[in-house]
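If you want the building blocks of each chain, they are given just below.
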Amino acid sequence: MNNPSAPPMQMNAAPAHIGFSFDEQHHSTGAPGYQGQMPMVPMTQPQNELSGSQPVSPWQPNPSAGDVPGYEGDVPDTDPEDNDSEEPFTGPPPPDFNSFEAPPGYQQAVLSAGAPLPPPAYEPPDEASRPEETFTGVGIIDEQQVRDAICAFADKNCCYGTGAAERMSLEKMEPSGGLHYQLESFTETRTTCWQHLPYQGGFVDGPHCGRAPAVWEIVCSPSELFNTHTKKIEVPHTSNVKTCHTCTGCGFVRCTKCQGRGKVRCSSCHGSGRRTVHHNGRSERRNCTWCHGSGRKRCSRCSGDGRVRCPTCEGYTKLRWFIELTVQYTNNLEDFIHETTDLPNELIRDVSGKVVFEQTLPYVWPISQYHIQEINLSSIEMVERHRSAWPNSKMLQQRQVLRSVPVTEVHYKFKDKDGRFWVYGNEQEVHCPDYPQSCCWGCTII
Ligand SMILES: [Zn+2]
Ligand SMILES: [Zn+2]
Ligand SMILES: [Zn+2]
């Protein structure tokens, strides 16, 4: 049987801090304070075989003054409708990632893009490191507090008369403690996939710059423990530059609005160039004033060029592909409520109480010595289940909290009617489903 208690996890290999060599290649361009003679030192940058290091400019459209659009590919025979709700350009799909040369250690990652990469194993814990369990007690409330609570409750509910709360006789008060046990397992999952950005020239941190660090060697820490969030990191030394697959390297694509013609049909005269106008009781055909009789308008999306900047490379013609690491931090929370009165259990969850026991460790030890056996059993069962619930994630930290929430069951008598209500939580909330005096009939009996 598995020992449900495991030790704080130890990562064997202390991850080396792997920075981006990008920054090291950039020298400050600010003017130095030193005004004297400076030796001329050429800037050296590694050259990528696929690209130069000079920044490049994106492709620019050429708004044509005349009727000839810049787009020279397939165009339809007639001007398309002037319709702004046109579908966005959909180019060829991205290349087959199997054809990409993945760095060592990433072949599997890249083939199974999106699948989590199992973390390194951890050493099981040692019973000797099990911390001692000490529990604090629970407070109880007195009759005056019960009276104040039921009066405040009646006061808050506008259709309840407060007379009953003030005058009811409190026959019996039974203090007890609801218990709220909560276990949080804060896990980290790592996945990788190929990602691309427009390549604007400059240094490329490719495999020639060094070995790509293994997925779980890359340093990344959560911004906050027990808070679900995601981080994305570019894996160093995985960049390479390729021709854009969408525009095949020209930087532009056919305009989807005019389909390359540079003109669209005039929406006012539907392309006829003429409109019927009513004047002094007569109708006559006149030139359309929107298109000056031509029936067509320059395409507003491409300014008549028939081409627009490629959306994938943003006109830069090349893409820098790299492996992107996605680090998902997830707080997995589960709880258990132990409450022996007829108060609905879930009411315990949202009120405050007293922390009886709290433990935060890479792997918590289940509670085993609390005087209420249900708590021990729930803790053992839950801790055990969390231990193996996320095999592809690394457990970063666990936190368990046992809170005792005061609950007082009160038996009252009011005008020969017996009833019960409960006062619970440090806030002294009241649960009184059968309050004896609601305005539907209560107003009349006072
Ligand atoms: Zn492109
Ligand atoms: Zn156009
Ligand atoms: Zn027109």
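Source: prediction; values computed, not measured.

### Quick notes on the pairing of strand β7 (residues 282–287)
- Across the 6 residues of β7, 0 count as buried, placing the element largely on the outside.
- Linkage of strand β6 (residues 274–279) to β7, two consecutive antiparallel strands, is achieved through a turn of 2 residues, within which Asn 280 is found at a positive phi near 50 degrees.

### Here's the deal with the environment of Pro 93
- By secondary structure assignment, the location of Pro 93 is in the loop between α1 (21–24) and α2 (107–111).
- With 8 C-beta atoms packed within 10 Å, Pro 93 lands in the exposed category.
- Residues Pro 93 and Thr 246, 153 residues apart in the sequence, show an inter-C-alpha distance of 7.4 Å.

### Some remarks on the environment of Cys 269
- If you trace the backbone, Cys 269 turns up in the loop between β5 (263–265) and β6.
- By the C-beta count within 10 Å, which is 21 here, Cys 269 ends up buried.
- Put simply, Cys 269 and Cys 291 are 22 residues apart on the chain and 8.3 Å apart in space, counted from C-alpha to C-alpha.
- In this view, Cys 269 contacts Arg 274, Arg 275, Cys 288, Trp 290, Cys 291 and Gly 295; residues no more than four positions away in its chain are not counted.

### What about the confidence of the model for the protein chain?
- Of the residues in the protein chain, 82% have a pLDDT of 70 or more, and the chain-wide mean is 82.
- Predicted confidence for residues 1–51 stays below pLDDT 50, and this span has 66 contacts to residues more than four positions away or in other chains.
- A low-confidence stretch, residues 441–446 stays under pLDDT 50, and its non-local contacts, those more than four residues away or across chains, total 5 contacts.

### A few points about the nonpolar core
- If you look at the biggest cluster of nonpolar residues, it comprises 26 residues, and the most contacted ones within it are Val 235, Cys 247, Phe 252, Cys 255, Cys 310 and Cys 313.
- Elements with a contribution of two residues or more to this core: β4 (252–254) and β10 (318–338).
- The greatest single-element share of this core, amounting to 5 residues, is contributed by β10.
- Ignoring any residue separated from it by four or fewer positions in sequence, one finds Phe 252 in contact with Trp 59, Cys 247, Arg 307, Val 308, Arg 309, Cys 310 and Gly 315.
- In terms of nonpolar packing, the next biggest core, distinct from the first, is built from 22 residues, Ile 150, Ala 154, Leu 343 and Val 423 among them.

### Some remarks on helix α5 (residues 373–389)
- Look at α5: 24 Å from first C-alpha to last across 17 residues, which is about the 24 Å you get at 1.5 Å a residue.
- When we look at burial in α5, the residues that qualify are Ile 375, Ser 378, Ser 379, Met 382, Val 383 and His 386. Buried residues of α5, seen end-on, are gathered within an arc of 125 degrees and therefore sit on one face of the element. Those residues of α5 that are exposed and aimed more than 90 degrees away from the buried face are Gln 373 and Ser 388.
- In this structure, the buried side of α5 is in contact with β1 (169–198), β10 and β12 (394–414).

What counts, and at which threshold
Residues numbered from 1 in each chain as written. Chains lettered and ligands numbered in written order. Predicted model: local features only at pLDDT ≥ 70, side-chain atom pairs only at ≥ 80, totals over all residues. Buried ≥ 20, exposed ≤ 12 C-beta atoms within 10 Å, placed from the backbone. Helix = DSSP H or I, 4+ residues; strand = E, 2+ residues; numbered from the N terminus. Pairing = 2+ DSSP bridges. Contact = placed C-beta atoms within 7 Å. pLDDT = per-residue confidence, 0-100. Core = buried A, V, L, I, M, F, W, Y, C linked by C-beta atoms within 7 Å. Expected span 1.5 Å × (residues − 1). Arc of directions from axis to C-beta.

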